[in-house]
Amino acid sequence: MDKGTKILIFLNVILLMTLGILYFVLFSDSKAERSRRHNRPTAAQMRELPAIASDRDEIQNMIRQTFGNEIQKFSIYLFRPGIENQPLIFQSKPMRPASMIKMFVLAKVMQDARDGLLSLDELIPITSENIVGGAGSIAGEGAGARVPIRRAAELMIIESDNTATNILIDRVGMENLNTYIRANGYNDTIVNHKMMLQKGPSNLSSVADLGLLFTKIYEYKCVDEFYDQLMISYLLKQQDRDCFPAALPYWNVAHKTGEVDNLYDDGGIFFGAQGDFILVIMNDNYENRGETIENMKKIASSIAKNFMEIPK
């Protein structure tokens, strides 16, 4: 075999290996996306499910045992679309949501984009009064810089960017935002101030409202399939992975966290091979941050391992 033939064979082997790797990556991604789609129960299947699954008492007992003496500080929303028609809502009440309030800003931005009131490619200015500390990188671009709404919305979720949130609230209008919140049935939620610019009452929400929002996004009933999928894509890239993603590393968790002193919230959509579920846990005035997160992880893990089969 001459040298030229050997080189040709070698190049062909490299080409086949490259194509094989590319096919594997593309097939894996499309398989994951099909899995997320195929897990969604149809309307007909949902009608056949019980409103309340027979394991609900067992789940509530597990929640009480996990949080123990601090149980009164926690609220939980759990919905398993393939198992039940109605969510389990445990001790829901208006609470400080910290950065989870950004979910309602995101939904309003996407609704306005769908309705033609703004374009995701529109450039909006970073104003000096909206530049704040805390999470996020947009503030580093300085007052006067202009950023696409699409980028601000994405960073508001994946980095929990406070400055990005503030310029988006200005763009949609706080009064319009609160009108949208009330009109869509989020009865415990109100945006009273922008991020880190509180001068009066706190922002408020509840697990019932946040769970409803995540459920609407999951069912493509928040805006529409295109914009709801876009929101899910942002949530899947959330950088704070201390809680739910750490508890279930082999699940795709599309989620948003919120944290201030003595408060840590997490909530979102869990995509798994055995079925999907929506879980939101809120709290206020916890005793220990590490213990709180560990207990929240235990709740998520127990649901995934013990309560994702249809009860007999």
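Residues numbered from 1 in each chain as written. Predicted model: local features only at pLDDT ≥ 70, side-chain atom pairs only at ≥ 80, totals over all residues. Heavy atoms only, no water.

Asker: Can you walk me through the nonpolar core in this structure?
Answerer: When a protein is soluble and globular, its nonpolar side chains tend to lie buried together. Of all hydrophobic cores here, the largest spans 59 residues; its most connected members are Met 103, Leu 106, Met 110, Leu 120, Leu 168 and Ile 269. Counting residues per element, this core draws most heavily on helix 4 (residues 102-114), which supplies 8 residues. Those residues in contact with Leu 106, other than ones at most four positions away along the chain, are Ala 153, Met 156, Ile 157, Met 231 and Tyr 234. Listed in part, the 30 residues of the second largest apolar core include Leu 88, Ala 247, Ile 281 and Phe 307. (Core = buried A, V, L, I, M, F, W, Y, C linked by side-chain atoms within 4.5 Å. Buried < 20%, exposed > 50% of the residue type's maximum accessible area, 1.4 Å probe, protein only. Helix = DSSP H or I, 4+ residues; strand = E, 2+ residues; numbered from the N terminus. Contact = heavy atoms within 4.5 Å.)

Asker: So what exactly am I meant to see when it comes to the pattern of salt bridges here?
Answerer: A side chain of one charge can pair with a side chain of the opposite charge when the charged atoms of the two come close. The tally for this structure, following the rule as stated, stands at 16 salt bridges. Across the pair Arg 56 and Glu 84 runs a salt bridge, and its minimum N-O distance is 3.3 Å. You can see Arg 56 sitting in helix 3 (residues 56-67) and its partner Glu 84 sitting in the loop between strand 1 (74-79) and strand 2 (88-90), a full 28 residues away along the chain. Judged on exposure class, the residue Arg 56 and its partner Glu 84 are both buried. Glu 122 is paired through a salt bridge with Arg 171; the nearest N and O atoms lie 2.7 Å apart. (Salt bridge = Lys/Arg side-chain N within 4 Å of Asp/Glu carboxyl O.)

Asker: Honestly, the packing of aromatic side chains in this entry has me stumped. Any pointers?
Answerer: Using the criterion set out here, one finds 7 aromatic pairs in the structure. Look at Tyr 218 and Phe 271: their rings are 6.1 Å apart centre to centre, the planes differ by 35°, and that puts the pair in the tilted class. Placement of the pair is Tyr 218 in helix 8 (residues 207-218) and Phe 271 in strand 6 (residues 263-271), with a sequence separation of 53 residues. Assigned by exposure class, Tyr 218 and Phe 271 land together as buried. Taking 4.3 Å as the distance between ring centres and 10° as the angle between the ring planes, the aromatic pair formed by Phe 270 and Phe 277 counts as stacked. (Phe/Tyr/Trp six-rings, centres within 6.5 Å; stacked < 30°, edge-to-face > 60°.)

Asker: I tried to follow the layout of surface pockets on my own but got confused; where do I start?
Answerer: Rolled over the atoms, a probe sized like a water molecule indicates the empty space that remains. The computed volume of the largest pocket comes to approximately 530 Å³. As for the largest pocket, its lining consists of 26 residues, of which Ala 98, Ser 99, Asn 162, Glu 259 and Val 260 are closest to the centre. Tallying contributions element by element places strand 5 (residues 252-260) first for the lining of the largest pocket, with 5 residues. A per-class count over the lining of the largest pocket returns 8 nonpolar, 12 polar and 6 charged. (1 Å grid on protein atoms, 1.4 Å probe; cavity = no way out; pocket = protein on both sides within 12 Å on 5 of 7 lines; lining within 4 Å. Points joined across faces, edges and corners; volume = space filled by probe spheres on them. Nonpolar A, V, L, I, M, F, W, Y, C, P; charged D, E, K, R; others polar.)

Asker: Even after reading the chapter, I still don't get the pairing of strand 6, so can you show me in this structure?
Answerer: Every regular strand shows the same layout, with side chains that alternate between the two sheet faces. Counting buried positions along strand 6 yields 9 of 9 residues, so the element is predominantly enclosed. Here strand 5 hands over to strand 6 after 2 residues, with Asn 262 in that stretch at a positive phi of 65°. Pairing between strand 6 and strand 7 (residues 277-283): 5 bridges, direction antiparallel. Paired with Phe 270 across the strands is Phe 277, a residue of strand 7. Here strand 6 folds back onto strand 7 in antiparallel fashion, the turn holding 5 residues, of which Gly 275 has a positive phi close to 135°. (Pairing = 2+ DSSP bridges.)

Asker: What's the story with empty space enclosed by the protein in this structure? I'm lost.
Answerer: Taken as a whole, this structure holds 1 cavity of 30 Å³ or more when the rule is applied. Of the volumes computed, that of the largest cavity is approximately 40 Å³. In terms of lining residues, the largest cavity is bounded by Phe 67, Glu 70, Phe 74, Asn 288, Glu 291, Thr 292 and Asn 295. Split by residue class, the lining of the largest cavity holds 2 nonpolar, 3 polar and 2 charged.

Asker: Any chance you could explain the sheet that holds strand 1 here in plain terms?
Answerer: One key point about sheets: their strands pair by backbone hydrogen bonds, in either a parallel or an antiparallel sense. The antiparallel open sheet is built from 5 strands, whose spatial order is 2-1-7-6-5. Looking at strand neighbours, the two that pair on one side only are strand 2 and strand 5, the edges of this open sheet. This sheet shows a mean twist of 5° between the axes of neighbouring strands, independent of strand direction. Along the sheet face, helix 11 (residues 289-306) touches strand 1, strand 5, strand 6 and strand 7 and points at about 160° away from the line of strand 7. (Axes fitted to C-alpha atoms, helices over the stretch in contact; angles between N-to-C directions.)

All we've got here are geometric facts, nothing functional implied.
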